[in-house]
Amino acid sequence: MENKSINITTVMEKIMKGVFWGCAAISIVAVLFIGGFILFNALPFFSHTSLWSFLTGKNWIPSGEIFGIYPMLVASFFATLGAVVIGVVVGISTAIVITSILPPAISSVISKIVDLLAGIPSVIYGFFGLMVIVPIIKLTGAPSGGLSLLAVIIILSFMILPTIIRMTEVSLKAIPKEYKEGAYALGATRLQYIFKVQLRAAKSGIIAGVMLAIGRALGETMAVMLVAGNSPVVPNSILSSVRTVTANIAMEMSYAPAGPHQQALFATGLVLFIIIMAINIGMQLIVKRMERN
Amino acid sequence: MDNETAIKNSGILKYSQPEQKLTTPKTNYKEKLIYGFLGLCTTITVGFLFWLIGYILYRGLGHINFTALIPPILTTIYMVGIGLGLSVPIGIGAAIYINEYSLNGKFIKLVRWGTECLAAVPSILFGLFGMMFFVTTLKMSWCILAGGLTVALMVLPTVVKTTEEALKTVPVSYREASLALGATKISTIVKVVLPSAIPGILTGVILSTGRIIGETAAIFLTAGTVFGIPDNVMSSGRTLAVHLYMLAKEGLSFEEAYGAAVLLLGIILCLNFISYTIAKKMTK
């Protein structure tokens with residue numbers, strides 16, 4: 001009797017371990033399957049249009065079966081660049097104020113506010129951009145009624161702020177106290193300590209945060225779609241209407257007929273997937289190096 | 001440097017020049033400028049949030065029409081139910097394996113890598129995948145189930161990560177005590193480790209709920225945009241966030257859109273408040 005019950009428990013243990021193993025394996029399977037699935041659906045497209053002409057083609061005319069995503073790549077690049085520049089300056093400054101300048105009681109309130117900013121859905125950012133930011137840009141006499149690259153940059157920079165602030169805050173707080181004591185003992189002022197010691201020591205963490213933010217900005221879709229204007233042409237100024245890589249998929253996927261058009265959208269997705277994964281792997285390498293030091 | 005020379009040329013410094021050697025007002029001005037800039041950036045961050053929330057509440061509070069919003073609210077509830085119902089058990093299971101069974105082996109490294117990559121995939125790619133796989137290949141057509149499966153995959157990394165963090169905070173002595181009393185590994189996990197990790201797990205669940213409620217790109221490609229009360233999970237429907245997007249895009253009634261935005265924002269604020277309360281209780 002006793003032997004049997006022991007057997008049952010050991011079998012149960014093994015089964016449960018197997019179940020947990022299966023759960024853990026799902027993330028790996030999912031990411032490989034999603035990547036593989038997108039690749040599988042995109043590959044046939046490259047017999048229609050070569051990879052080179054797909055990436056450098058300046059025209060996107062689905063009805064004429066002309067597919068070039070150069071305009072979208074340019075739009076995504078400048079939107080992300082602009083947002084990251086603003087986000088880094090404002091975000092790192094805010095993180096410095098939270099960690100080293102304000103008294104803890106006020107800092108924790110600002111931290112809560114940053115958390116809130118992170119929780120607001122992207123469609124609300126987009127809606128706010130459409131109703132408030134776009135009309136303001138329209139006042140400058142923008143050709144497309146305010147729907148522009150500039151509006152995208154403004155909205156994206158606020159969307160990535162929480163990511164940058166959080167990561168900077170965490171890495172600034174992780175700096176050993178001895179650094180501060182040492183700097184102060186050498187006669188450094190608070191600002192000298194912050195900029196010459198603390199920020200430099202926290203460099204890898206901040207860079208990881210910025211890369212995370214780049215990924216978020218590149219992958220954002222709905223907020224961007226609402227304020228971008230979405231014309232698939234190479235932007236000639238910050239006020240022109242643009243279409244990002246993500247918006248290109250979201251705009252046309254629901255009605256694209258099976259065939260080259262749909263495959264072209266999968267190819268667009270593949271390009272996005274590869275860029276995001278490259279950024280992500282780069283970030284993981286930085287974090288690894290950081291952990292080693 | 002430019003600011004320094006500008007200040008010098010402007011003559012502001014003339015009066016305080018004799019003291020310069022003692023208190024170095026040169027750096028004082030520079031410091032004040034830097035402090036001012038840092039303060040400005042913080043004000044921008046905080047100010048933007050108040051502007052956004054304040055503006056949407058101001059424009060939308062009077063326009064919440066609950067009867068018109070019932071179909072999207074119901075669809076949202078279905079979506080959250082399916083999304084959490086799948087991702088929470090799987091995510092907790094995965095976190096248990098990583099934290100309770102892991103021996104830092106190759107498999108665990110692979111799992112961590114997979115989770116990180118999955119977390120990095122933008123939602124539009126989940127939508128693209130979900131539409132082609134669930135909707136077309138598995139012939140589900142646009143429906144809430146396809147949307148729910150897609151968002152379940154999307155929030156899985158969040159559940160795994162937060163549960164893992166929660167399990168890590170449970171002291172090893174709890175496990176040792178339980179094992180020493182003769183409990184098996186499974187009963188230790190189920191009866192000792194998990195109950196102590198519940199607040200942390202709950203925070204992750206709330207975070208995931210917020211992400212599902214706020215998600216648009218992955219859902220409108222998989223669950224469709226039909227406006228109406230869904231009969232079951234196989235019917236198409238639009239969640240509150242998709243509803244807001246459609247209203248904003250169509251531009252027919254911005255008042256309705258503001259109403260939907262207020263409701264959406266209200267739900268997110270409530271969820272934030274709940275997770276804040278749990279976190280506060282946890283630290284006590």
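Counting starts from 1 at the beginning of each chain's written sequence and moves along it residue by residue. As they are written, the chains are lettered A onward and the ligands numbered 1 onward, keeping that order. Local features in this predicted model are restricted to residues of pLDDT 70 or higher, and side-chain atom pairs are both shown and tallied only at a pLDDT of 80 or more, whereas totals for entire chains, interfaces and linings draw on every residue.

Draft legend 1. View of the overall build of chain A. Runs of H or I in DSSP of at least four residues are treated as helices and runs of E of at least two as strands, each being numbered from the N terminus. Scanning chain A from terminus to terminus reveals twelve helices and two strands. Every radius of gyration here is taken over C-alpha atoms, with the globule rule written as 2.2 Å times N^0.38, N being the number of residues. Relative to the 2.2 N^0.38 estimate, which gives 19 Å for 293 residues, the radius of gyration of chain A is 24 Å and therefore markedly larger than a compact globule would have. Expressed as lengths along the three principal axes of its C-alpha atoms, the size of chain A is roughly 75 × 65 × 35 Å. Intrachain contacts of chain A at a sequence separation of at least 6 include 74% that bridge at least 24 residues. Here contacts are defined at the residue level, using C-beta atoms placed from the backbone and a cut-off of 7 Å between them.

Draft legend 2. Looking closely at the interface of chain B and chain A. Taken together, the contact between chain B and chain A spans 63 residues of the former and 65 residues of the latter. Taken together, the elements giving at least two residues each to the side of chain B that touches chain A come down to α3 (25–60), α4 (66–101), α5 (106–120), α6 (123–137), α7 (144–168), α9 (185–214), α11 (240–250) and α12 (254–283) of chain B. The greatest single-element share of the side of chain B that touches chain A, amounting to 15 residues, is contributed by α3(B). Of the residues that constitute the side of chain B that touches chain A, the class distribution is 48 nonpolar, twelve polar and three charged. By the convention adopted, Pro, Cys, Tyr, Trp, Phe, Met, Ile, Leu, Val and Ala count as nonpolar, Lys, Arg, Asp and Glu as charged, and the other residues, Gly among them, as polar.

Draft legend 3. The arrangement of the domain arrangement of chain A in detail. All names here are of chain A. One can read the domain layout of chain A as domain 1 (2–47) and domain 2 (52–292). The start and end points of each domain follow an automatic or database-based domain assignment. The gap between the C-alpha centroids of domain 1 and domain 2 is 33 Å. Domain 1 puts seven residues into the contact, and the matching count from domain 2 is eight residues.

Draft legend 4. Quick peek at the packing of helix α9 (residues 203–219) of chain A against helix α12 (residues 260–292) of chain A. Residue and element names in this part refer to chain A. Viewed as axis vectors pointing N to C, α9 and α12 meet at an angle of 165°, and their least axial separation amounts to 9 Å. If you check the angle between α9 and α12, you find them roughly antiparallel. Considering the relative orientation of α9 and α12, their crossing is left-handed. Residue-level contacts link Ser204, Gly205, Ile207, Ala208, Met211, Leu212, Ile214, Gly215, Leu218 and Gly219 of α9 to Ile275, Ile276, Ile279, Asn280, Gly282, Met283, Ile286, Val287, Arg289 and Met290 of α12. Across the contact of α9 with α12, the residue classes break down as 13 nonpolar, six polar and one charged. Only the stretch in contact is used when a helix axis is fitted, and all axes are lines through C-alpha atoms; the angle between N-to-C directions ranges over 0 to 180 degrees. An angle counts as roughly parallel when it lies under 35 degrees, as roughly antiparallel when it exceeds 145, as roughly perpendicular when it falls between 65 and 115, and as oblique in every other case. Note on convention: the crossing is left-handed when the near helix lies turned anticlockwise from the far helix by less than a right angle, right-handed when the turn is clockwise.

Draft legend 5. How the structure looks around the confidence of the model for chain B. Residues and elements named next belong to chain B. Taken as a whole, chain B shows an average pLDDT of 87; of its residues, 90% reach a score of 70 or greater. Values of pLDDT, which run from 0 to 100, indicate the predictor's confidence residue by residue. α7 holds the highest mean pLDDT among the elements of chain B, 94, whereas helix α2 (residues 20–23) holds the lowest, 45. Per the prediction output, this complex has pTM 0.89; the corresponding ipTM is 0.91.

Draft legend 6. Seen up close, α7(B). A helix's residues, less one, multiplied by 1.5 Å, set its expected span. When the terminal C-alpha atoms of α7(B) are compared, their 35 Å separation across 25 residues agrees well with the 36 Å that a helix rising 1.5 Å per residue should span. As a rule, residues whose C-beta atom has 12 or fewer other C-beta atoms within 10 Å are exposed, those with 20 or more are buried, and those in between are partly exposed; C-beta atoms are placed from the backbone. Most of α7(B) is tucked away: 23 of the 25 residues are buried.

Draft legend 7. Structural view of the domain arrangement of chain B. Domain boundaries assigned for chain B yield domain 1 (2–58) and domain 2 (65–283). Its C-alpha centre places domain 1 of chain B at a distance of 44 Å from the equivalent point of domain 2 of chain B.

Draft legend 8. Examining the nonpolar core more closely. A set of buried Ala, Val, Leu, Ile, Met, Phe, Trp, Tyr and Cys residues, joined to one another through C-beta atoms within 7 Å, is what we call a nonpolar core. If you look at the biggest cluster of nonpolar residues, it comprises 170 residues, and the most contacted ones within it are A:Val152, A:Ile155, A:Val227, B:Leu128, B:Leu244 and B:Ala261. By residue number, the principal contributor to this core is helix α6 (residues 149–173) of chain A, which donates 16 residues.

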